[in-house]
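# Structural features, examined
Each chain is listed here by its residues.
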Amino acid sequence: QVQLVESGGGLVQPGGSLRLSCAASGSWFSLNTMGWYRQAPGKQREMVATITSGGSTKYADSVKGRFTISRDNAKNTVYLQMSSLKPEDTAVYYCYSSVQIRWFDASTDYWGQGTQVTVSS
């Protein structure tokens, strides 16, 4: 019913920048909080940044001041602008959204397939 498709990952040198995009498609009553999580090899998935439909944001301490999350509600798309990238930012980045399919449904979490970000010289 809901698909999240990420794009924009790749290989970048330390100190560089990348912009991730995630477009939601399908049918729903309300697209609520959207965000980005990441998982590095051998580590648990962790929250990177989230943004509500009203624009309130949260960031992991490790990315504050370097990453910026935004969303375009008209395009059902969430973005993650990553700057001053470090090798420790290397991970698979997953798009997330909390979606209410019908007005009387509880919200359900949906995930994208993930996009690899590698920070290396």
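Refer to the structure above for everything that follows.
Now for a quick tour of the structure. Predicted model only: the values in this text are computed from it and were never measured. (Residues numbered from 1 in each chain as written. Predicted model: local features only at pLDDT ≥ 70, side-chain atom pairs only at ≥ 80, totals over all residues. Heavy atoms only, no water.)

As a further point, take the side chain of Asn32. Structurally, Asn32 can be placed in strand β4 (residues 30-39). Here the side chain of Asn32 touches Ser107 through a polar contact of 3.2 Å, side chain to side chain. (Helix = DSSP H or I, 4+ residues; strand = E, 2+ residues; numbered from the N terminus. Polar contact = N/O pair within 3.5 Å; in protein donor to acceptor, adjacent residues only side chain to side chain.)

Across the ten residues that make up β4, a large majority, seven, are buried. Where β4 meets strand β9 (residues 91-100), eight bridges bridge the pair, whose relative direction is antiparallel. Each bridged residue has a counterpart across the sheet, and for Gln39 the counterpart in β9 is Val92. Between β4 and strand β5 (residues 46-51), which follow one another and run antiparallel, lie six residues, and Gly42 among them has a positive phi close to 80 degrees. (Buried < 20%, exposed > 50% of the residue type's maximum accessible area, 1.4 Å probe, protein only. Pairing = 2+ DSSP bridges.)

The next subject is the state of the cysteines. According to the stated counting rule, one finds one disulfide in the structure shown. The side chain of Cys22 participates in a disulfide bridge whose partner is Cys95; the two sulfur atoms lie 2.0 Å from each other. The disulfide joining Cys22 to Cys95 has a torsion of about -85 degrees about its S-S bond and is therefore left-handed. Of this pair, Cys22 sits in strand β3 (residues 18-26) while Cys95 sits in strand β9, placing them 73 residues apart in sequence. (Disulfide = S-S within 2.5 Å.)

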